[in-house]
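This is what each chain is made of:
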Amino acid sequence: MLRAFRGDSGPGMPPAEGVARALLSDSYKLMDNFDMLLAALDGVQQSGHPTRVTGCDLTDRRMYVRVESEAVAVRAHELLRGYRSPFDGRSGDELPMISAGFVITNSEVGSGAYTITPRAVIQVCRNGLTETKDVMRAVHLGGKQDEGVVSWSGQTQRKTLELITSKTADAVRTFLSREYVEAKVRTMEAVAGKTLSEPANTIEHVTKTLSIGAEAKDMILSHFVRGGQMTAGGVMQAVTSTAQTLTDADQAAALEALALPALTAAAAHG
């Protein structure tokens with residue numbers, strides 16, 4: 001299947017040139033960004049939780065929509081003890097709250113599944129912590145019917161979107177529960193306080209282990225120093241704050257997803 005795009009041309013203008021976006025197999029299931037987003041937001045509304053959209057990005061590869069619920073927030077004094085925002089120097093001791101949230105992603109061109117991933121947001125610096133282990137996923141497979149036909153009937157497409165809406169509502173209820181957020185914060189606090197004897201060497205080890213490039217590594221080290229937390233948790237915070245500075249949304253999302261693995265790797269290395 002060839003996915004293409006052609007822009008609108010004005011009156012009296014020649015037809016707009018088309019762009020081939022992706023060449024996909026005949027088993028690819030059509031799950032367009034617009035349809036998936038409407039289904040997901042319907043699920044968010046059905047969940048009954050007060051939320052707000054805090055960020056949206058649309059790249060050639062993926063859609064990212066970040067949602068937060070400040071109504072579901074927990075204190076994380078141990079996790080943020082001694083931490084300063086690398087952006088404005090505000091103190092985590094004075095602003096120790098972490099809000100619940102999640103990020104909705106989808107790809108129309110075969111670059112990944114439709115997902116809802118829990119994402120905690122740190123008040124003092126707006127760092128985002130995505131828990132990829134708990135992701136809710138719907139893959140773009142199964143479009144190939146018994147006769148090898150890709151096009152679905154309208155009824156089948158509606159049922160697919162209804163299922164996405166229902167699953168989204170269930171995921172939101174889980175990810176925006178105070179019990180879920182508190183459990184994740186306590187898990188992080190159990191290892192985040194590990195003091196680093198040689199922070200530069202630990203960051204070198206972490207970035208090499210997670211295949212983070214040299215430029216990002218230098219930025220992480222700079223953010224780590226400005227954050228003032230000489231612990232494994234400080235490495236995690238430096239990864240997420242660095243992700244905020246990246247202009248490429250795909251790269252930023254990929255780096256943010258490495259924050260919790262970075263915490264584990266930093267604590268193990270010491």
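Preceding this paragraph is the structure being described.
I will try to describe carefully the structure that is included in this document. Since we're looking at a predicted model, the values are computed, not measured.

For the protein chain, the count of helices and strands is nine helices and eight strands. For the protein chain, with 270 residues in total, the buried portion stands at 47%. Relative to all contacts within the protein chain whose residues are 6 or more apart in sequence, the contacts with residues 24 or more apart total 65%. Split by element, the accessible area of the protein chain, about 13,600 Å² in all, is 52% carbon and sulfur.

The next subject is helix α8 (residues 249–256). Within the sequence span of α8, burial applies to Ala 249, Asp 250, Ala 252, Leu 255 and Glu 256. Among the structural elements, β3 (52–58), β4 (63–75), β6 (114–122), β7 (128–130), α7 (232–245) and α9 (259–269) are those in contact with the buried residues of α8.

For the rest of this paragraph, the subject is the side chain of Gln 229. Looking at the secondary structure, you find Gln 229 in the loop between α6 (214–227) and α7. When neighbours within four sequence positions are excluded, Gln 229 is seen to be in contact with Leu 79, Leu 80, Arg 81, Gly 82, Tyr 83, Phe 224, Gly 234 and Gln 237.

Moving on: the packing of helix α5 (residues 199–209) against α6. It is at 10 Å that the axes of α5 and α6 come closest, and there the two elements cross at 140°. Comparing their axes, α6 and α5 come out oblique. Relative to α6, α5 is oriented so that their crossing is right-handed. Contacts between α5 and α6 involve Pro 199, Ala 200, Ile 203, Glu 204 and Thr 207 from the first element and Lys 217, Ile 220, Leu 221 and Phe 224 from the second.

Now for the environment of Glu 70. Looking at where Glu 70 falls in the secondary structure, it is placed in strand β4. Considering only alpha carbons, one finds Glu 70 and Gln 123, 53 residues apart in sequence, at a separation of 9.4 Å. Beyond its immediate stretch of four places on either side in the chain, Glu 70 contacts Arg 52 and Ser 99. At a separation of 3.0 Å, a polar atom in the side chain of Glu 70 contacts the side chain of Arg 52.

In the Ramachandran plot, Arg 126 falls in the positive-phi region, its phi being about 65° despite a non-glycine side chain. With respect to the element layout, Arg 126 can be found in the loop between β6 and β7. The residue Ser 211 is not glycine, and still its phi comes out positive at about 60°. Among the secondary structure elements, Ser 211 is positioned in the loop between α5 and α6.

Across all of its chains, the model carries one aromatic pair by this definition. Taking 5.5 Å as the distance between ring centres and 50° as the angle between the ring planes, the aromatic pair formed by Phe 175 and Tyr 180 counts as tilted. Grouping residues by exposure puts Phe 175 and Tyr 180 together as buried.

Between its terminal C-alpha atoms helix α1 (residues 33–47) stretches 21 Å, which fits the 21 Å expected from 15 residues at 1.5 Å a residue. Looking at α1, one finds that the buried residues are Asn 33, Met 36, Ala 39, Ala 40, Gly 43, Val 44 and Ser 47. For α1, the angular spread of the buried residues around the axis is 145°, confining them to a single face. For α1, exposure combined with an orientation more than 90 degrees from the buried face picks out Phe 34 and Gln 45. Looking one or two residues past α1, Gly 48 carries a phi angle of roughly 85°, positive in sign.

How each quantity is defined
Residues numbered from 1 in each chain as written. Predicted model: local features only at pLDDT ≥ 70, side-chain atom pairs only at ≥ 80, totals over all residues. Heavy atoms only, no water. Helix = DSSP H or I, 4+ residues; strand = E, 2+ residues; numbered from the N terminus. Buried < 20%, exposed > 50% of the residue type's maximum accessible area, 1.4 Å probe, protein only. Contact = heavy atoms within 4.5 Å. Areas by Shrake-Rupley, 256 points an atom, 1.4 Å probe, with all protein chains shown as cover. Axes fitted to C-alpha atoms, helices over the stretch in contact; angles between N-to-C directions. Parallel < 35°, antiparallel > 145°, perpendicular 65-115°, else oblique. Left-handed = near helix turned anticlockwise from the far one by under 90°. Polar contact = N/O pair within 3.5 Å; in protein donor to acceptor, adjacent residues only side chain to side chain. Phe/Tyr/Trp six-rings, centres within 6.5 Å; stacked < 30°, edge-to-face > 60°. Expected span 1.5 Å × (residues − 1). Arc of directions from axis to C-beta.

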